[in-house]
Amino acid sequence: MSSRALAKDQPASFAFNAEMMAQAKRIIAKYPAGRQASAVIPLLDLAQRQEGWVTRPAVEEIAKILDMAPMRVLEVATFYTMFNLAPVGKTHVQICTSVSCWLRGSNDVIRACKEKLGIGMGQATPDGLFSVGELECAGACVNAPVVQVGDDYYEDLDLAGAGKLLDALKRGEKPAVGSVTGRDGSAPAGAPITLTEKPVPPPKQDFAAAKVAFEKAKADAAAKAAAPKA
Amino acid sequence: MPKLTIDGIAVEVPANTTILQAAEMVGVEIPRFCYHDRLSIAGNCRMCLVDVEKSPKPVASCAMPVGEGMVVHTKSDRANKARGGVMEFLLINHPLDCPICDQGGECDLQDQAMAYGFDRGRFHENKRAVKDKYMGPVVETVMTRCIHCTRCVRFATEVAGVPQLGATGRGEDMEITTYLEGALSSELSGNVVDLCPVGALTSKPYAFNARPWELRKTESIDVMDAVGTNIRLDARGRQVLRVLPRINEDVNEEWLADKGRHAIDGLRAQRLDQPYVRKNGKLEPATWDEAFAAIVGRVKGLSGGKIAAIAGDTADAESMLALKDLMSAFGSPNLDCRQDGAALDPAVRASYLFNSTIAGIEQADALLIVGADPRKEAPVLNARIRKRFLRGGFPICVVGAATDLTYKYDHLGTGADVLAKIADGSHAVAAALKNAKKPMLILGMAALTRADGAAILAAAKAVADNCGLVKDGWNGFNVLHTAAARVGGLDVGFVPGAGGKDTRGILEAAGKGEIEAVYLLGADEIDTAKLGKAFVIYQGHHGDRGAHRADVILPGAAYTEKDGTYVNTEGRVQRALRAVFAPGDAREDWTIIRALSEKFGKTLPYDNLAQVRARLAFVNPLFAAAGKIKAAEWQAFGASGAIAATGFDYPVKNYYMTDPISRASRTMAQCTEEFVSGGSKHKPSDPKTGTHG
């Protein structure tokens, strides 16, 4: 990773569209008056969802909305690698290359991108439809290697699986999220190898009878206490 | 009041004190980079780790409040080992370029590496290199040296009030930069150089000029504004190479404005280093005797009423006293130190002082600014207002232009007539001032130099009286001067005598030919075209406006070249010491006037500085007490009259060029280009890294 700065070529202006503005207002309202700066991360996210990346006019607009110095917003935008500071393709494929995914074959995923899209890490297709980026640990190591497209994770990829995923994306489809091998969440691949026997249910208890016995004991004790001493 | 033990010394300190502060109280030094007394606590350098008993880990003493019964060891093996580790990490990415670093010799990192560093490096990987950032004409950057203490970021955000500095990226990629690499547009930007504990931010004009141990250090007073900032002049040979602030809690804390710090290169250009006499319409070099003879030949025999004197904005009290004595000897009542024509009442000291004092701003709880732009007229004082503002509960109102003062305020209007409404209580602000415990009014020169200045002064007095600005132990009436010499001139009594003319009158009379000789003591801010055919003697240090009009030029000394007394806007008498000698034949100013008086046969009764100072103290006993403030008595002043509704014409339009020295300064010209005329020449292309030259 190199130093993060805003891209050289910037659009002239930025404004939240009506829907995003409504969302932004809802987010800002969550924080006490005077603490609206706390909304900076969600607002940057909204800007990125609208434009695809965080532009300089967006940084300045958000600073204005939240009454912050533009530098303070830029600090946040450069701190989190999830914010794209340069334009990305319409479909931005982020490949996790952290250690678990790398051990489990993230290099194959990168190779699949080269083969299917013709682009490598940090590049975009000339038509602007696809771009490939690096992702710091996505926190889904149990299903490594992982690719993030938009808000969705695609897991358990290999050369063929990634190729199939990219083909589907190219056709404009939205493949089912999660493991591409069809495993259930993070359940073991294939058949379970532990806890295979049928679970033994806990012993049945007769709560009604227990309650009756308890009430009876209570009544007996009360009667004994009330009885005159011999 | 928790009690604790630091290195075996028992101490009782107020609650909420940090361990580091408590250690300072008992004289135990704890190394630090990010901690600074006047900035918020960041706790990110980890150099101040100490060993606290019963604590599982070393503790960052700058951020840890003291606790009852704490036992702190600052020199134990564990503390030393922790600091050694921190130092080793800091040095991983810090270049070993001390021999070519301007900070060398006064570098916190260098010093502390000597004390806590390991004697060899164990890091064999590549060091990181960071592109240098542009921060304007006065701050040079070598960002590879940055250790991310964020002192500069906190200074810009908190003290200077220009939140343009920040840290982008994170971890190894963290970089300190200004927003989009613009210049740091603060009048206090030079202070980040002093704050930087390493050589990442250094002074651009002073780059590669000298090593600290080569410099001769002289204590002086800044004359670029009326705050009277305490400074230290660092000189080598006959040149003052840099100016640094001295700590004075009552005046400047430890800040210095950019003009005071960087206008000194103007002292090397446009200097008057020998006398000149105008012959056949052209100024020609002359000897002192020829110059004096020319003056005596023209002025001797003139009646006192035909002679006048005007003192400039950076004149010292000694020279003004000598000139006043000379004018008395001539029998001339025409003298004035207010070359801007401000309607100040010299008879009542409280009418022309910043009575609340600069430190007093911190006690105030309401502020009304009238016709002043403190950010440009007195940046250090403005920082004090901002400091008070940040503490909260300090409503600020402004009458005048709505400029960015680095704090929020209520804008009451641009016209001066608003003041009259506040004075008669019909404005809502009057009630707010009345309800405040310690309300303040700051009256600027823009309000007093107008034709209706006296009426504005009277209205301000009425506000002070009606809204309870003056009460027991508190005087909230403040005049903010723009000239270092003004209060000194008024205290010396360099004002029109009985029947004498003030600056406006002198110029008018000179234009009509009623005044035949005018003595300008460094007065450059008057309209010299109005002097008509008068014989003009200019005594000063720069070939500026006054010298261009002069018939005889007497080369004087700049503030760095003489022992002078200055009185700041609060009325604090302060002494500046001579750092270097004036160039060529130039002399200290009072000695020139003393020598001239002899030629007229009216020898002034002092031969050395001690005698001049004794005479100063005789004329006004205040001059005997340097560094102190005496509260001025509240008396009647001002002349009621109509106030025009027009806006103010501020005296400081371009902060970077206000006097002959700053007008001759190359650095100030660059700042003007960057910040005032709006034509930054900086192009962000091809940035270099410090290690690759």
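Brief notes about the overall build of chain A
Stage number 1. Within chain A one finds 8 helices and 5 strands.
Stage number 2. Going from N to C terminus, chain A has its helices and strands arranged as α-α-α-α-β-α-α-β-β-β-α-β-α.
Stage number 3. Taken over C-alpha atoms, the radius of gyration comes to 28 Å for chain A, far larger than the 17 Å a tight globule of 230 residues would show.
Stage number 4. The principal-axis extents of the C-alpha atoms in chain A amount to approximately 100 × 55 × 30 Å.
Stage number 5. A total of 230 residues make up chain A; the buried ones form 37% of that total.

Some remarks on the overall build of chain B
Stage number 1. When its secondary structure is counted, chain B shows 21 helices and 28 strands.
Stage number 2. For 693 residues, the compact-globule formula gives about 26 Å, and the C-alpha radius of gyration of chain B, at 27 Å, lands near that figure.
Stage number 3. Taking the principal axes of its C-alpha atoms as reference, chain B extends roughly 85 × 60 × 50 Å.
Stage number 4. The contacts in chain B between residues at least 6 apart in sequence include a share of 70% that link residues at least 24 apart.
Stage number 5. Accessible surface, chain B as shown: approximately 26,700 Å² in total, 52% of it carbon and sulfur.
Stage number 6. Between the mean site of the 83 positive side-chain charges and the mean site of the 83 negative ones, chain B shows a separation of 0 Å.

Quick notes on the sheet that holds strand β17 (residues 366–370) of chain B
Residues and elements named next belong to chain B.
Stage number 1. Sheet architecture is open: 5 strands sit in the order β19-β18-β17-β20-β23, paired in parallel fashion. Both edges of this open sheet fall to β19 (410–413) and β23 (477–480), since each of them pairs with a single strand only. If you compare each strand with its neighbour and ignore which way they point, the axes differ by 20° on average.
Stage number 2. In the sheet, strand β20 (residues 439–444) pairs with β23 via 4 bridges, with the strands oriented parallel. By the bridge assignment for β23, Leu 443 is matched with Val 479.

As for the environment of Ser 220 of chain B
All names here are of chain B.
Stage number 1. Summarising the element assignment, Ser 220 is placed in strand β10 (residues 216–221).
Stage number 2. Given a relative accessible area of 0%, Ser 220 falls into the buried group.
Stage number 3. As for Ser 220 and Arg 450, which are separated by 230 residues in sequence, their C-alpha atoms are 33 Å apart.
Stage number 4. Contact partners of Ser 220, with chain neighbours within four places excluded, come to Thr 229, Asn 230, Ile 231, Leu 233, Arg 246, Tyr 559, Ala 576 and Leu 577.

Quick word on helix α12 (residues 428–435) of chain B
All names here are of chain B.
Stage number 1. Residues Val 429, Ala 430 and Leu 433 constitute the buried set of α12. For α12, the angular spread of buried residues about the axis comes to 105°, placing them on one side. With respect to the buried face of α12, the exposed residues turned more than 90 degrees away are Ala 428 and Asn 435.
Stage number 2. Buried residues belonging to α12 abut β17, β18 (396–399), β19, α11 (417–423), β20 and α14 (453–466).

Quick notes on the interface of chain B and chain A
Many authors give the size of an interface as the accessible area that is lost as the parts come together.
Stage number 1. With 17 residues of chain B in contact, the opposing surface of chain A contributes 18 residues.
Stage number 2. Counting the surface lost from both chain B and chain A, the interface buries some 1,300 Å², and carbon and sulfur atoms represent 57% of this.
Stage number 3. Per-residue buried area on chain B facing chain A is highest for Arg 170, Asp 173 and Tyr 179 of chain B; these three make up 47% of the total on that side.
Stage number 4. For the salt bridge of Lys 408 of chain B with Asp 67 of chain A, the shortest nitrogen-to-oxygen distance reads 3.7 Å.
Stage number 5. Our count for the contact surface shared by chain B and chain A stands at 6 residue pairs in polar contact (both at pLDDT 80 or more).
Stage number 6. Of all the elements in the fold, those that place two or more residues in the side of chain B that touches chain A are α4 (151–160), β7 (165–168) and β8 (175–178) of chain B.
Stage number 7. No other element matches β7 of chain B, which puts 4 residues into the side of chain B that touches chain A.

Comments concerning the domain arrangement of chain A
Stage number 1. Looking at the assigned domains, one finds that chain A contains domain 1 (18–79) and domain 2 (91–175).
Stage number 2. Its C-alpha centre places domain 1 of chain A at a distance of 29 Å from the equivalent point of domain 2 of chain A.

So, the side chain of Thr 168 of chain B
Stage number 1. Relative to the assigned elements, Thr 168 of chain B resides in strand β7.
Stage number 2. Those residues in contact with Thr 168 of chain B, other than ones at most four positions away along the chain, are Arg 4, Met 71, Leu 74 and Thr 78 of chain A together with Asp 173, Met 174, Glu 175 and Thr 177 of chain B.

Digging into empty space enclosed by the protein
Empty space among the atoms becomes visible once a probe the size of a water molecule is rolled across them.
All names here are of chain B.
Stage number 1. Per the stated rule, a full pass over the model turns up 8 cavities of 30 Å³ or more.
Stage number 2. Approximately 110 Å³ is the volume attributed to the largest cavity.
Stage number 3. In this structure, the largest cavity is lined by 15 residues; those nearest its centre are Thr 314, Leu 521, Gly 522, Gly 540 and His 541.
Stage number 4. Per element, the largest residue contribution to the lining of the largest cavity is 3 residues, and it comes from strand β25 (residues 535–540).
Stage number 5. Partitioned by chemical class, the residues of the lining of the largest cavity number 5 nonpolar, 6 polar and 4 charged.

Here's the deal with a nonpolar patch on the surface
Residues and elements named next belong to chain A.
Stage number 1. Residues Val 99, Trp 102 and Leu 103 make up a contiguous nonpolar surface patch of about 360 Å² in total accessible area.
Stage number 2. Inspection of the secondary structure assignment puts Leu 103 in helix α5 (residues 99–103).
Stage number 3. What makes Leu 103 exposed here is its relative accessible area of 65%.

Details of the pattern of salt bridges
All names here are of chain B.
Stage number 1. Here the structure, examined in full by the defined rule, presents 61 salt bridges over all chains.
Stage number 2. A salt bridge links Asp 313 to Arg 486; the nearest nitrogen and oxygen atoms lie 3.1 Å apart. Of this pair, Asp 313 sits in the loop between β15 (307–311) and α8 (317–330) while Arg 486 sits in helix α15 (residues 486–492), and the two are 173 residues apart along the sequence. Comparing Asp 313 with Arg 486 shows no difference in burial state: the two are buried.
Stage number 3. Its salt-bridge partner being Asp 649, residue Lys 653 comes within 3.2 Å of it at the nearest N-O pair. For the pair Lys 653 and Asp 649, a shared accessibility class is recorded, and that class is exposed.
Stage number 4. Residues joined by salt bridges that share partners form a network here, namely Arg 38, Glu 249, Glu 253, Glu 254, Glu 362, Arg 384 and Lys 387.

Section: the sheet that holds strand β3 (residues 49–52) of chain B
Backbone-to-backbone hydrogen bonds join strands into a sheet, with any given pair of strands oriented parallel or antiparallel.
All names here are of chain B.
Stage number 1. Strand order in the open sheet formed by 5 strands is β2-β1-β5-β3-β4, with mixed pairing between adjacent strands. Each edge of the open sheet is held by one strand with a lone partner, namely β2 (9–12) and β4 (59–60).
Stage number 2. Here helix α2 (residues 77–93) sits on the sheet in contact with β3 and β5 (70–73), set at roughly 155° to β3.

What about the packing of aromatic side chains?
Stage number 1. Scanning the model with the defined rule gives 14 aromatic pairs over all chains in all.
Stage number 2. Taken together, a centroid distance of 5.0 Å and an interplanar angle of 80° make the contact between Phe 14 of chain A and Phe 16 of chain A edge-to-face. You'll find Phe 14 of chain A and Phe 16 of chain A in the same group, each marked buried.
Stage number 3. Residues Trp 590 of chain B and Tyr 606 of chain B carry aromatic rings whose centres are separated by 6.3 Å and whose planes lie at 70° to one another, so their mutual orientation is edge-to-face. Of this pair, Trp 590 of chain B sits in helix α18 (residues 589–599) while Tyr 606 of chain B sits in the loop between α18 and α19 (609–619); the two residues are 16 residues apart in sequence, bridging distant segments of the chain. Both residues of the pair, Trp 590 of chain B and Tyr 606 of chain B, count as buried.
Stage number 4. The ring of Phe 79 of chain A has Arg 170 of chain B lying over it, and the distance from NZ or CZ to the ring centre is 4.9 Å.
Stage number 5. Here the basic side chain of Lys 259 of chain B rests over the ring of Tyr 655 of chain B, its NZ or CZ set 4.6 Å away from the ring centre.

Cut-off values and rules
Residues numbered from 1 in each chain as written. Chains lettered and ligands numbered in written order. Predicted model: local features only at pLDDT ≥ 70, side-chain atom pairs only at ≥ 80, totals over all residues. Heavy atoms only, no water. Helix = DSSP H or I, 4+ residues; strand = E, 2+ residues; numbered from the N terminus. Rg over C-alpha atoms; globule rule 2.2 N^0.38 Å. Buried < 20%, exposed > 50% of the residue type's maximum accessible area, 1.4 Å probe, protein only. Contact = heavy atoms within 4.5 Å. Areas by Shrake-Rupley, 256 points an atom, 1.4 Å probe, with all protein chains shown as cover. Lys, Arg positive; Asp, Glu negative; His and termini not counted. Charge placed at Lys NZ, Arg CZ, Asp CG, Glu CD. Pairing = 2+ DSSP bridges. Axes fitted to C-alpha atoms, helices over the stretch in contact; angles between N-to-C directions. Arc of directions from axis to C-beta. Buried area = accessible area lost by both parts, 1.4 Å probe. Salt bridge = Lys/Arg side-chain N within 4 Å of Asp/Glu carboxyl O. Polar contact = N/O pair within 3.5 Å; in protein donor to acceptor, adjacent residues only side chain to side chain. Domains from an automatic or database assignment. 1 Å grid on protein atoms, 1.4 Å probe; cavity = no way out; pocket = protein on both sides within 12 Å on 5 of 7 lines; lining within 4 Å. Points joined across faces, edges and corners; volume = space filled by probe spheres on them. Nonpolar A, V, L, I, M, F, W, Y, C, P; charged D, E, K, R; others polar. Patch = residues over 30% accessible without salt bridge, like charges linked within 9 Å, V, L, I, M, F, W, Y side chains within 5 Å. Phe/Tyr/Trp six-rings, centres within 6.5 Å; stacked < 30°, edge-to-face > 60°. Lys NZ or Arg CZ within 6 Å of the ring centre and 35° of its normal.

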